[in-house]
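Residue-level structural notes
What follows is the residue order along each chain.
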Amino acid sequence: EGEQIKCLIEALKTVPEPVHGVLVCKQENLEQYRTLAGDAKNITLFPFTDDNDLDNILRASDMVYFGEQYHTLQRFGSDCPGLFRAMLSGRPVLYAGDGSSSHVVTAKAGLAVSPSDPEAVKEALTAAPELPPEVMDLMGEAGRQYVIDNYSHGLRLKRYLELVNREEDPLEKIKGNKVK
């Protein structure tokens, strides 16, 4: 939602073939995005219905665009599960956002661009079809493996248990942090 989608639509309207954007959006945003897309033939809009539709669209895609607006929880290490879902799809990610681009960059799972620069999004969309299929496959698999290796539920539970089962006295750790 928001500025990232507007930026994507503006970029899609100017990219050459074979790029075709499929946007999955909330029903209440459908008309707004149709108006923005105008008569562009390379943009298809789908109202979000359920997770099965989204999974099928991810599987049918060559690359997944993920636009994210920064939210304050990210300063505490909260990451958008939608990004991890996109990375788990095994497709390269075109990330436009202020928050979690480090995941895409660290994993070498795709491309990261400025969320408010339609020209940068257009350049990335134009360059993607020129990449060899092997490179696209490597980026997709790298993203999937990164999430599995670093963010699986089992791994998070293990890290949590290690934290709460430490031998040190937790009160000693926080004594210097008292409110005055």
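Residues numbered from 1 in each chain as written. Predicted model: local features only at pLDDT ≥ 70, side-chain atom pairs only at ≥ 80, totals over all residues. Heavy atoms only, no water.

Helix and strand content of the chain: nine helices and five strands. In the chain, which comprises 180 residues, the share counted as buried stands at 33%. The contacts of the chain with a sequence gap of at least 6 include a subset with a gap of at least 24, amounting to 60%. A total of about 11,500 Å² of accessible surface is found on the chain, and carbon and sulfur atoms cover 54% of it. (Helix = DSSP H or I, 4+ residues; strand = E, 2+ residues; numbered from the N terminus. Buried < 20%, exposed > 50% of the residue type's maximum accessible area, 1.4 Å probe, protein only. Contact = heavy atoms within 4.5 Å. Areas by Shrake-Rupley, 256 points an atom, 1.4 Å probe, with all protein chains shown as cover.)

So, about the sheet that holds strand 4 (residues 93-97). Read across the sheet, three strands follow the order 3-4-5 without closing on themselves; strand pairing throughout is parallel. Strand pairing shows two members of the sheet lacking a second neighbour, strand 3 (64-68) and strand 5 (110-113), which therefore form its edges. Across this sheet, the average inter-strand angle for adjacent strands is 15°, counted without regard to direction. Two elements, strand 3 and strand 4, share five bridges in a ladder whose sense is parallel. When the sheet's bridge partners are listed, V64 is paired in strand 4 with V93. (Pairing = 2+ DSSP bridges. Axes fitted to C-alpha atoms, helices over the stretch in contact; angles between N-to-C directions.)

Right, let's talk about the nonpolar core for a bit. In globular proteins that are soluble, nonpolar side chains generally tend to be buried together. Counting residues in each nonpolar core, the largest one holds 27 residues, and the members touching the most others are L12, L23, I43, V121 and L125. Broken down by element, this core gets its largest block of residues, six residues, from helix 1 (residues 3-12). Ignoring sequence-local partners within four residues, the contact set of L12 consists of V19, G21, L23, N42, I43 and L125. Residues F84, M87, A109 and Y146 belong to the second largest nonpolar core, which totals 14 residues. (Core = buried A, V, L, I, M, F, W, Y, C linked by side-chain atoms within 4.5 Å.)

A few words on the environment of L88. One can find L88 in helix 4 (residues 81-88). On a C-alpha basis, the gap between L88 and Q145 in space is 7.7 Å, while along the polypeptide they are 57 residues apart.

The full count for this structure, using the stated rule, is three aromatic pairs. Note on F66 and Y95: the rings are 6.1 Å apart at their centroids and 15° apart in plane angle, and the pair reads as stacked. With F66 in strand 3 and Y95 in strand 4, this pair connects stretches of sequence that are 29 residues apart. Across the pair, Y95 and F66 agree in class, each one buried. Note on Y146 and Y151: the rings are 6.0 Å apart at their centroids and 50° apart in plane angle, and the pair reads as tilted. An aromatic cluster of three or more residues is present, and its members are F84, Y146 and Y151. (Phe/Tyr/Trp six-rings, centres within 6.5 Å; stacked < 30°, edge-to-face > 60°.)

This paragraph deals with the packing of helix 1 against helix 6 (residues 118-127). With their axes 8 Å apart at the nearest point, helix 1 and helix 6 run at an angle of 55° to one another. When the interaxial angle is binned, helix 1 and helix 6 end up oblique. The two elements helix 1 and helix 6 cross, and the hand of that crossing is right-handed. Facing helix 1, whose interface residues are C7, L8, E10, A11 and L12, helix 6 presents P118, V121, K122 and L125. Split by residue class, the contact of helix 1 with helix 6 holds seven nonpolar, no polar and two charged. (Parallel < 35°, antiparallel > 145°, perpendicular 65-115°, else oblique. Left-handed = near helix turned anticlockwise from the far one by under 90°. Nonpolar A, V, L, I, M, F, W, Y, C, P; charged D, E, K, R; others polar.)

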